[in-house]
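# A structural walkthrough
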Amino acid sequence: MSRLLTIDSMGASLELLEGWQRDAMIQLNRKLSDRSAKFPCIPAVQGHALQHFRYGFIPLGEAPESAEILAGLLHEYGRGSRQFGPYTSLVVLIHAEERDHQVGVEYYERLFWQLLSRTTAYDTQPWPTDLPEVPSEHLWEYCYGGEPYFVYCGTPAHENRQSRSFPYMMLAFTPRWVLQQFNARAKQAQRTKELIRQRLAAYDPVPPHPDLKFYGAEDNYEWKQYFLRDDNESLPKCPFARMFRETTQ
């Protein structure tokens, strides 16, 4: 049985979801379909509306098994993503204990990088040969199953950056091939990027984070955009560490 859900399958699966999972989907649908406060990322709004997205859940981000669950979701998604549509992303919603709502953005930042690092221990595919393996190289991207992804993180702790605020911790994995197809239509892509910037300025009560730059530029590091802090600060070094499972002979 698939662990990935679509909006179309949600009705049939709704009663099987836990209370927080149902609430998370309701909140997400509300955020991405709001016509008065338009979510800045236009391709994300389209992917959700066109049912190109796939959704998964992690019961508790800090639990030891959370990385294995995320690995399973990425594995299943990666096998079928090219059949899901040109605006597809994998959206993973993560439950937070009540006490977690009392902690700041830095807590979720640590949890985010910890989760990405631990998940790589379950990856059986080699790192793509055309991509750097270390985040200090500006073309580095997070990869799983041989597939490069742009990763977005939203949390309950974000207040100033409403574009990164969500009642539950949320990860969105967008395959690089989706972004390449988007950028292939140069004029349309440029116009869409301009609209995204306009929407972002209206959506967030603070200016765009200085780390929001364009892929491929030598001063751009994609990992800095994965998790944006609520202010203009950023980590001096990427915390990602590729992990490997110990094997016994």
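Residues numbered from 1 in each chain as written. Predicted model: local features only at pLDDT ≥ 70, side-chain atom pairs only at ≥ 80, totals over all residues. Heavy atoms only, no water.

### A word on the pattern of salt bridges
One pass over the structure, following the stated rule, counts seven salt bridges. Note that Arg82 is salt-bridged to Glu147, the shortest N-O span being 2.9 Å. Highlighted residues: Arg82 in the loop between helix H4 (66–80) and strand E2 (90–94) and Glu147 in strand E4 (residues 147–154), separated in sequence by 65 residues. Across the salt bridge formed by Arg176 and Glu141, the nearest N and O atoms sit 2.7 Å from each other. (Salt bridge = Lys/Arg side-chain N within 4 Å of Asp/Glu carboxyl O. Helix = DSSP H or I, 4+ residues; strand = E, 2+ residues; numbered from the N terminus.)

### Remarks on the side chain of Ser163
Looking at where Ser163 falls in the secondary structure, it is placed in the loop between E4 and strand E5 (169–175). Ser163 has contacts with Phe39, Pro40, Tyr152, Leu200, Tyr203 and Asp204, leaving out every residue within four places of it along the chain. (Contact = heavy atoms within 4.5 Å.)

### Side note on the sheet that holds strand E3 (residues 142–144)
Reading across from one edge, E1-E2-E5-E4-E3 is the order of the five strands in this open sheet, with mixed pairing throughout. Both edges of this open sheet fall to strand E1 (54–58) and E3, since each of them pairs with a single strand only. Direction aside, neighbouring strands of the sheet carry axes that sit 30 degrees apart on average. As defined by bridge partners, E2 adjoins E5 across five bridges and the pair is classed as antiparallel. (Pairing = 2+ DSSP bridges. Axes fitted to C-alpha atoms, helices over the stretch in contact; angles between N-to-C directions.)

### Things to note about the nonpolar core
The biggest cluster of nonpolar side chains holds 61 residues, and the ones touching the most others in it are Phe112, Trp113, Tyr142, Leu171 and Phe173. Here the element with the most residues in this core is helix H5 (residues 105–119); it accounts for eight residues. Those residues in contact with Phe173, other than ones at most four positions away along the chain, are Leu70, Leu74, Tyr77, Ser89, Leu90, Val92, Leu116, Tyr142, Tyr149, Phe150 and Val151. (Core = buried A, V, L, I, M, F, W, Y, C linked by side-chain atoms within 4.5 Å. Buried < 20%, exposed > 50% of the residue type's maximum accessible area, 1.4 Å probe, protein only.)

### Observations regarding the layout of surface pockets
What the largest pocket holds in volume is close to 1100 Å³. Around the largest pocket sit 43 residues that line it, and Cys41, Phe150, Leu179, Ile196 and Gln225 are the ones nearest its centre. Where the lining of the largest pocket is concerned, the elements lending two or more residues are helix H2 (19–33), helix H3 (42–49), E4, E5, helix H6 (176–184), helix H7 (186–203) and helix H8 (222–226). Among the elements that make up the lining of the largest pocket, the one with the highest residue count is H7 (six residues). Here the lining of the largest pocket is composed, by residue class, of 25 nonpolar, eight polar and 10 charged. (1 Å grid on protein atoms, 1.4 Å probe; cavity = no way out; pocket = protein on both sides within 12 Å on 5 of 7 lines; lining within 4 Å. Points joined across faces, edges and corners; volume = space filled by probe spheres on them. Nonpolar A, V, L, I, M, F, W, Y, C, P; charged D, E, K, R; others polar.)

### Some words on the packing of aromatic side chains
All told, the structure shown has 20 aromatic pairs when counted by the stated rule. Pairing Phe166 with Tyr168 gives two aromatic rings, centres 6.4 Å apart and planes at 55 degrees, and the pair type is tilted. Over the aromatic face of Tyr215 sits the side chain of Arg176, whose NZ or CZ is 3.7 Å from the ring centroid. (Phe/Tyr/Trp six-rings, centres within 6.5 Å; stacked < 30°, edge-to-face > 60°. Lys NZ or Arg CZ within 6 Å of the ring centre and 35° of its normal.)

### Overview of empty space enclosed by the protein
Here the structure, examined in full by the defined rule, presents three cavities of 30 Å³ or more. If you add up the space inside the largest cavity, you get close to 60 Å³. Taken together, Glu109, Trp113, His209, Asp211, Trp223, Lys224, Phe227, Leu228, Arg229, Glu233, Ser234 and Leu235 make up the full set of residues lining the largest cavity. For the lining of the largest cavity, the secondary structure elements donating two or more residues are H5 and H8. Along the lines of polarity and charge, the residues of the lining of the largest cavity split into five nonpolar, two polar and five charged.

### Quick notes on unusual backbone geometry
The phi angle at Gln51 is positive, at roughly 65 degrees, despite the residue not being glycine. As for its position among the elements, Gln51 is in the loop between H3 and E1. A residue is classified by how much of its surface remains accessible, and Gln51, at 34% relative accessible area, is partly exposed.

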